[in-house]
Amino acid sequence: MATLDMNGMLGDVGIGGIAGFVTGFALKKLMKLAMALIGAYILSLFWLQQKGVITINTDKLFNLAGSMTAQITTLGEKVLGILPGTGAFVAGFYLGFHKG
């Protein structure tokens, strides 16, 4: 009859949960930073256009910005596909992403 090692299981669950939380928290912060930089870039382009320095094709700019934001928002799904999918990790990732 096999016995369960509860200390080992709790350690694995704890480490997986903490790793998931830290990963989710950092990913959300990174996504916020990337979105802020994209916004600042677009605002600077519109400011330069208003000053007459450059001319902007707004359709192409918004298509480019839309594709970049779509890539950033799917980053979380890609990370979950690469990292181990334990229940504790996924739960920790969700909590970290929500808290970040």
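Conventions and cut-offs
- Residues numbered from 1 in each chain as written.
- Predicted model: local features only at pLDDT ≥ 70, side-chain atom pairs only at ≥ 80, totals over all residues.
- Heavy atoms only, no water.
- pLDDT = per-residue confidence, 0-100.
- Helix = DSSP H or I, 4+ residues; strand = E, 2+ residues; numbered from the N terminus.
- 1 Å grid on protein atoms, 1.4 Å probe; cavity = no way out; pocket = protein on both sides within 12 Å on 5 of 7 lines; lining within 4 Å.
- Points joined across faces, edges and corners; volume = space filled by probe spheres on them.
- Nonpolar A, V, L, I, M, F, W, Y, C, P; charged D, E, K, R; others polar.
- Expected span 1.5 Å × (residues − 1).
- Buried < 20%, exposed > 50% of the residue type's maximum accessible area, 1.4 Å probe, protein only.
- Arc of directions from axis to C-beta.

A. The arrangement of the confidence of the model for the chain in detail. When the pLDDT values of the chain are averaged, the result is 78; 78% of them are 70 or greater. Helix 3 (residues 75–82) is the least confidently modelled element of the chain, averaging 66 in pLDDT, while helix 1 (residues 6–50) averages 82, the highest of any element.

B. Quick peek at empty space enclosed by the protein. Applying the stated criterion to the full structure yields one cavity of 30 Å³ or more. A volume near 40 Å³ is recorded for the largest cavity. At the level of secondary structure, the elements contributing two or more residues to the lining of the largest cavity comprise helix 1 and helix 2 (58–73). Among the elements that make up the lining of the largest cavity, the one with the highest residue count is helix 2 (four residues). Residue classes in the lining of the largest cavity are distributed as seven nonpolar, no polar and no charged.

C. Seen up close, helix 4 (residues 87–99). The first and last C-alpha atoms of helix 4 sit 18 Å apart over 13 residues, in line with the 18 Å expected at 1.5 Å per residue. Along helix 4, the residues classified as buried are Ala88, Phe89, Gly92, Phe93 and Gly96. Buried residues of helix 4, seen end-on, are gathered within an arc of 130 degrees and therefore sit on one face of the element. Turned more than 90 degrees from where helix 4 packs its buried face, Gly87, Tyr94 and His98 sit exposed.

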